[in-house]
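Coordinate analysis (summary)
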Amino acid sequence: MSQFSAEDEAELQSLLRQLLKSVKERISGAPSVECAEEILLHLEETDKNFHNYEFVKYLRQYVESTLGAVIEEETESCAKGDGHTIGSGQDTLVHAVTRRARESSQYKQMMQTLKQTMMVIVESLINKFEEDQLKKEEMNRNSQHEQSSSHYTDNCSDSDSSFNQSYAFIKQEQLQVISEKLDPSRPREVRWEALQSLCCAPPSDVLSCESWTGLRRNLSAALADPDPDLSDKVLRFFAKTFSSSPLNVTREIYTSLVKSLESDFLYHKLSFPTESAGMDVNRPDIARLLKQMRLMNDFQQEVTTFWIRHPEKYMEEIIESTLALLSLHHEHGIGPHGSEKALEPVHFLSLLDIKATWFKKWMHGYYSRTVVLRLLERKYKSVVSYRCHLHLLLISYTAWIVVPLQSFQRSFYSAKELEYTYFIHSLCVLGRLLMYTNGRKLFPIKVRKRRDPVTLTDLVVSACLINFVVCCCIDSLSPTSMVTEVLKTLCERTECAVECIYQTPVIETLLAPIFALLKGKPAKLNSPESSLTHIADTLARIATTQRGLALFLYERKLVSAEGDGITAGHVIVQFTQKLLAKELPASTELENSPAVKGAFIFVCRQMYNTCEGLQVLRPYSLHECIAKAWRKTSSLSERVPTPVPGAIPSSSSQELQNAVAWEEVLLDNLLNFAATPKGLLLLQQTGAIHECVTYMFSRFTKKLQVSRCEKFGYGVMVTQVAATAPGIVALHSSGFIQAIVVELWSALECGREDVRVVHPKSTPMDPIDRSCLKSFLTLVNLMSSPHAVWELLGHQTLPNKTEYNLREMPTSIIDVMDRLVVINSDAKIHSLFNYEQSHTFGLRLLSVMCCNLDSLLLLESQYKLSDILLQSQKDNAIEASSEFIIDGLSVERNHLLVRMNAIGGPSERRLPPRALQKGSDPYPWPMFSSYPPPNCYILDVPKPLRTKQDQVALGRVWTDLCVCLCRYGLFLKLLREDSEQDLCLLIKHSQEFLSQQRVTLQGGYPGHDWFSSTIFLLMGGDVGRSLSLLLRFSRLLPSAVLWPARLYSSMHLPVEMAQSGIPPLYSCTAHYVEMLLKAEVPLVFSAFRMSGFTPSQMCIQWLGQCFWNYLDWPEICHYVSTCIIMGPDYQVYMCIAVLKHLQQDILQYTQTQDLQVFLKEDPIHGFRVSDYLEYMEGLERSYRGMVLTDMRSILLKST
């Protein structure tokens, strides 16, 4: 079907005619030929029936019959790859096949044939159309009786509506006649008929005619005509042009409209209404102007969507004409007497668009924003100046600030309401200007009747003052709400905040009422509760940013108190304390306002949920104040009576409901102390940690944000809480861990229930499928700490059932261990739908947990994991052969067995990879099913001999640990072959010494004493020297942080800290690690936040086991000696140096969402203490005064 016959051409012509009839309405509504072409070109995108047209079906069939064989051949060729390659720019096979088909000779021949045939068909249709048109014109001339309408009646409709009528082209002579008839001197009927005819003409023809200048002048006169019919008809023509013409046409119409309005306001001044009269929008002259302004404003808001596709000069014309109109200001000043001034364009625009949406859209894009700001700077600065003048002056006339307009339609506006809408409109315009650098460059600006120019600070201070002078109003258009929204926007942009908000007069203005109330003086506020709530909201936004937080915490020049300066943070927390304690005699109503108290606690929260903020505010014991208020409120909320169906709620029950809401606010703010290590200790000491974690779990299940100022969820806070024993207990009792386990099992074994199974689920290619990755990382975060492992798995036996129901779902960590990790029976294998994937998940989780040596010891002692893994390897061996079946699980087990049995830094041990290699030998690493591992994994030294009696006396796990430690010492050539008994003896004496200094209610240290083992190796295995060194070292301050077992439940600690279950290594060292990391290596700190992991948790693992398995032995020695000689604060600096060393890796693994796994499983390659000693000395100069002082204050009794 490559050629068309005569019958084919006739059929195609008929189908084309049918298509044109179907889209006749679309084409006839086009203002020009170009627009009609655009409509046809984009018909497929806009017409839902496009593929149902017979013409389209015919063409599709023709293309398929011509190119079908070519497409099939190219598809097979690309699929097989027979000498063809898909270019790098091609995304899919479809793109490649399409390109080759279009390059084929068949395609070119088809297009040539189709083009020739369609030209013949279209020419035939045009000829027939011209014949029909001539006949139609002849009939119209014969039937025409009125000579006056003979010039244009054959080309346009007489219908009143000009929006949906068809038209042909109009002649220049006809437009000249229309222009003459629109002359203001002509009778109304003649002008009406001319406008009627003009509405039928294509706008592009109207604007391109030679008489457009005169026509434009006459249209402007018609717009200003008192006759509403004439002005409405012109507006209808303008509206039609706006909706259907390109920008080169509409900008002429827009500028005409704006010029007409400008002339109207300039030469026909409308008096501003008096207080009693007001403005009636139904008054003819007001209604006419409002309609014109409404059309102008509609176009202003729509034009931004397409003016970027046109030359900039068109946009500049539109913007300049608008600014010229808005710059019209009469010379009379603003005052309390409305008769002194006139109505201006901006009054009407404010009524129509009170929030200045048009200006917001114009300033949004850089393309238009540069033009607006350039014109404001060069020619129309008065637009900004007058708004500043109004803004500043209205602050003095507090009576003018009224309750915002209601949303329902109305026809009467008082003088106050007009001024109010103007004020809100100006506030929005000024707020948008301040967001941009060039907008702020407009200031300082000269303002009428003011000697000094208005600066940015003056403007922001005046905005803040609105909160003081405005009465209470909950409307979204209230001045306080609008000002707070503007200030919030400025706070979110760093440059804006620095230039506008972080200025001494601004902060002093915001804090002035607070200062007055603290001194016992009444604050000058019309509505104290509303004003203080908005002030607190603004302060919270400032404290959310890093620069604003530093301003509140450290800048003493902001607030000048009696005597020495005081920081804003201190003022805010003092005020909050007095609010909670009800110690503000000057304002008792505020003490009973949960809204004000909650707002100011929230400001404090933005400070104390950071390490540096908590450091400054800690002396105030705000956690105790909030906890005291919570306990008091909780006792009230417990009295809530059981609701009775149908009973009318009493006022007392409403009060109790308010008490419940206030209790949740207090719990929410208490919970945020857990955002930092030291804050978590304070939260635990309040006794409310269980209630706070339960509240967090309730919000977590609802997927709620932490707060309106937080960008992340509760991931970081959960990880922080899980790092401690009391925290993980609270998480377990709240149901959080059960929910995580159930979610994991649903993703791993059940799959999503809301997904229709059309195709079988694809086999996961990654060890941890993407659908389970989130659950995996959550479990890693929860189980990273040995405290979590001890609390959740300590003294817990595996169920090891003989049969598992397929519907039985795990609900605890011990269930996860039983079903996914310790798979030692066929019953467990058969209970899993996805055995390999699920067991791989369990082995990966176990691998991460075993990176913590204390967790490894507990798991090995309770569950004999090595024996189970070795037996699984033996079961995977080929019978009658020493070879093993290599699969994903055997490779995982091999890696895990070596990790559990070998000790050493990055260059002291080898771990087999988990991935297969390409080539003939995909896995060259030997597998084994019994200890010891092959020599390629372990250190090549003779193994110490042990008697059976020794094993019984020491315990199997403890013996194996001593073997590993001594093997490591032998490799380092530090120990003799018979050093195991000496190490055991040292640990025994050390435990006996430390137990004498512990609180009697607590048990022994729940882990191995890695510091004592390190000293044993340093002393060459000499028990006497090691013990002597430990006893003398215990009297020094560095022992408190280097030797974790030293202060575990020690009597040298304050009682509440000793009984808290939170070690000083976490609440002190880890706290300062996070604090310094945020200041010194912010990218790494942000990476931890994004991953939901915490630097403190990783540092606790490094420090708790003295960097064993993470650093080589020489660097471990350097770490210990540096902290002893240089000071205990070097422990903090050491962690910062390590994290700085790992910065690039941390950023990379954050992107791949496995930062936790990388930090826990990989050793620290390439780190040398000597390389970072100078860097650590710099940290000492900056932070020693703070870090070392805090360490000494906590551990004062021990030194």
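Residues numbered from 1 in each chain as written. Predicted model: local features only at pLDDT ≥ 70, side-chain atom pairs only at ≥ 80, totals over all residues. Heavy atoms only, no water.

**Quick look at the overall build of the chain**
Keep this limit in mind: Per the convention used, a helix needs a DSSP run of H or I reaching at least four residues, while a strand needs a run of E reaching at least two, with both numbered from the N terminus. Residue exposure (1.4 Å probe, protein chains only): buried if accessible area is under 20% of the type maximum, exposed if over 50%, otherwise partly exposed. What makes two residues a contact is simply this: any of their non-hydrogen atoms within 4.5 Å. Calculation of accessible area relied on Shrake-Rupley with a 1.4 Å probe; when residues are assessed, cover is drawn exclusively from the protein chains displayed.
Along the backbone of the chain there are 61 helices and four strands. A buried classification covers 54% of the 1199 residues belonging to the chain. At a minimum sequence separation of 6, the contacts of the chain that also span at least 24 residues come to 74%. When the accessible surface of the chain is split by element, carbon and sulfur atoms take 52% of a total near 55200 Å².

**As for unusual backbone geometry**
A cis amide bond, omega 0 degrees, links phenylalanine 443 with the succeeding residue proline 444. Summarising the element assignment, proline 444 is placed in the loop between helix 21 (437-440) and helix 22 (456-469). Cis rather than trans, the peptide bond between tyrosine 931 and proline 932 has omega equal to 5 degrees. Residue placement: proline 932 occurs in the loop between helix 46 (888-901) and helix 47 (948-954). Of note, lysine 582 is a non-glycine position whose phi angle comes to about 55 degrees, a positive value. Examined against the element boundaries, lysine 582 turns out to sit in the loop between helix 28 (568-581) and helix 29 (588-591). Overall, the relative accessible area of 41% leaves lysine 582 in the partly exposed class.

**A word on the side chain of arginine 605**
For arginine 605, the location among the structural elements is in helix 30 (residues 594-608). Under the relative-accessibility criterion, arginine 605 is labelled buried at 2%. Once residues within four sequence positions are removed from consideration, arginine 605 is found in contact with Asp668, Asn669, Asn672, Val706 and Ser707.

**Comments concerning the pattern of salt bridges**
Two side chains bearing opposite charge may form a pair once their charged atoms approach each other closely. Our working rule: Within this document, salt bridges are pairs made up of a side-chain nitrogen of Lys or Arg and a carboxyl oxygen of Asp or Glu, the two lying within 4 Å of each other.
Under the criterion given, the structure shown has 34 salt bridges. Between glutamate 54 and lysine 57 there is a salt bridge, with the nearest N and O atoms lying 3.8 Å from each other. Taken together, the positions of glutamate 54 and lysine 57, both in helix 5 (residues 54-80) and three residues apart, correspond to about one turn of that helix. A salt bridge links glutamate 103 to arginine 99, with the shortest nitrogen-to-oxygen separation between them at 3.8 Å. One salt-bridge network, held together by shared partners, links Arg216, Arg251, Glu252 and Glu317.

**Digging into the packing of helix 41 (residues 813-821) against helix 43 (residues 835-850)**
For any two helices packed against each other, the geometry is given by the interaxial angle and the distance between the axes. Quick note on the threshold: Comment: axis = line fitted to C-alpha atoms, over the contacting stretch for helices; angle = value between 0 and 180 degrees taken between N-to-C directions. Each angle receives one of four descriptions, namely roughly parallel if under 35 degrees, roughly antiparallel if over 145, roughly perpendicular if within 65 to 115, and oblique otherwise. Under the grouping applied here, Gly and all other residues not named as nonpolar or charged are polar, the nonpolar ones being Ala, Val, Leu, Ile, Met, Phe, Trp, Tyr, Cys and Pro and the charged ones Asp, Glu, Lys and Arg.
Orientation of helix 41 relative to helix 43, taken along the N-to-C sense of each, is 125 degrees, at an axis distance of 8 Å. Judged on the interaxial angle alone, helix 43 and helix 41 are oblique. Contact with helix 41, carried on its side by Val816, Leu820 and Val821, involves Ser838, His839, Phe841, Gly842, Leu845 and Leu846 of helix 43 and no other residues of that element. Here the contact of helix 41 with helix 43 is composed, by residue class, of six nonpolar, three polar and no charged.

**Section: the nonpolar core**
Convention followed: As used here, the term nonpolar core means buried Ala, Val, Leu, Ile, Met, Phe, Trp, Tyr and Cys residues forming a set that is joined through side-chain atoms within 4.5 Å.
Among the nonpolar cores identified, the biggest contains 338 residues, and Leu731, Leu782, Phe1107 and Trp1108 are the most heavily contacted of them. The element that contributes the greatest number of residues to this core is helix 20 (residues 415-434), accounting for eleven residues. Core analysis: the second largest hydrophobic core is formed by 20 residues, Leu16, Phe55, Leu67 and Leu114 among them.

**A short note on the packing of helix 26 (residues 528-544) against helix 30**
It is the contact of helix 26 with helix 30, at a shortest axis distance of 9 Å, that shows an interaxial angle of 10 degrees. Overall, the two elements helix 26 and helix 30 adopt an arrangement that is roughly parallel. Contact residues: Glu529, Leu532, Thr533, Ala536, Leu539, Ala540, Ala543 and Thr544 in helix 26; Ala595, Val596, Ala599, Phe600, Phe602, Val603, Gln606 and Met607 in helix 30. Tallied by class, the residues present in the contact of helix 26 with helix 30 amount to twelve nonpolar, three polar and one charged.

**Focus on the packing of aromatic side chains**
Any aromatic ring pair is given by two values, namely how distant the centres are and how the planes are angled relative to each other. Put simply, the rule reads: Two aromatic rings from Phe, Tyr or Trp, using only the six-membered ring of Trp, form a pair when their centres are within 6.5 Å; if the ring planes differ by under 30 degrees the pair is stacked, by over 60 it is edge-to-face, and anything between is tilted.
Scanning the model with the defined rule gives 28 aromatic pairs in all. Geometrically, the ring pair formed by phenylalanine 1107 and tyrosine 1119 is edge-to-face, given 5.1 Å between the ring centres and 75 degrees between the ring planes. Separated by twelve residues along the polypeptide, phenylalanine 1107 in the loop between helix 56 (1095-1104) and helix 57 (1113-1126) and tyrosine 1119 in helix 57 bring together distant segments of the chain. There is no split in this pair, since phenylalanine 1107 and tyrosine 1119 are both buried.

**Considering the confidence of the model for the chain**
Detail in the predicted coordinates should be disregarded across regions flagged by low pLDDT. Heads up, the rule is: Confidence per residue, as judged by the predictor, is encoded in pLDDT with a range of 0 to 100.
In this model, the chain carries an average pLDDT of 84, and 86% of its residues clear a pLDDT of 70 or more. Considering each helix and strand of the chain separately, the mean pLDDT is smallest for helix 47, with a value of 38, and largest for helix 58 (residues 1130-1141), with 97. Considering only residues more than four positions removed or in separate chains, one finds that residues 332-339, a stretch of pLDDT under 50, has 23 contacts. Confidence drops under a pLDDT of 50 for residues 397-404, and excluding neighbours within four residues, the segment shows 23 contacts in the predicted structure.

**Some details on helix 24 (residues 494-501)**
The cut-off we apply is this: Taking the helix axis as origin, the arc is that swept by the directions to the C-beta atoms.
Turning to helix 24, its buried residues number three or more, namely Cys496, Ala497, Cys500 and Ile501. The arc that holds every buried residue of helix 24, seen down its axis, measures 95 degrees, which confines them to one face.

**Observations concerning the environment of histidine 534**
Within the secondary structure, histidine 534 is located in helix 26. If we skip the residues at most four places from it in the chain, histidine 534 touches Asn467, Thr480, Ser481 and Thr484.

**Structural notes on the environment of tryptophan 745**
Mapped onto the secondary structure, tryptophan 745 falls in helix 38 (residues 736-750). Classification of tryptophan 745 by relative accessible area gives buried; the value is 5%. Each C-alpha atom, one on tryptophan 745 and one on cysteine 772, is 8.9 Å from the other, the two residues being 27 residues apart in sequence. Not counting residues up to four positions away in its chain, the partners in contact with tryptophan 745 are Cys750, Glu808, Met809, Pro810, Arg819, Leu820 and Leu832.

**Some points on the environment of aspartate 285**
With respect to the element layout, aspartate 285 can be found in helix 14 (residues 284-302). Taking the C-alpha atoms as reference, aspartate 285 lies 9.6 Å from aspartate 227; in sequence the two are 58 residues apart.

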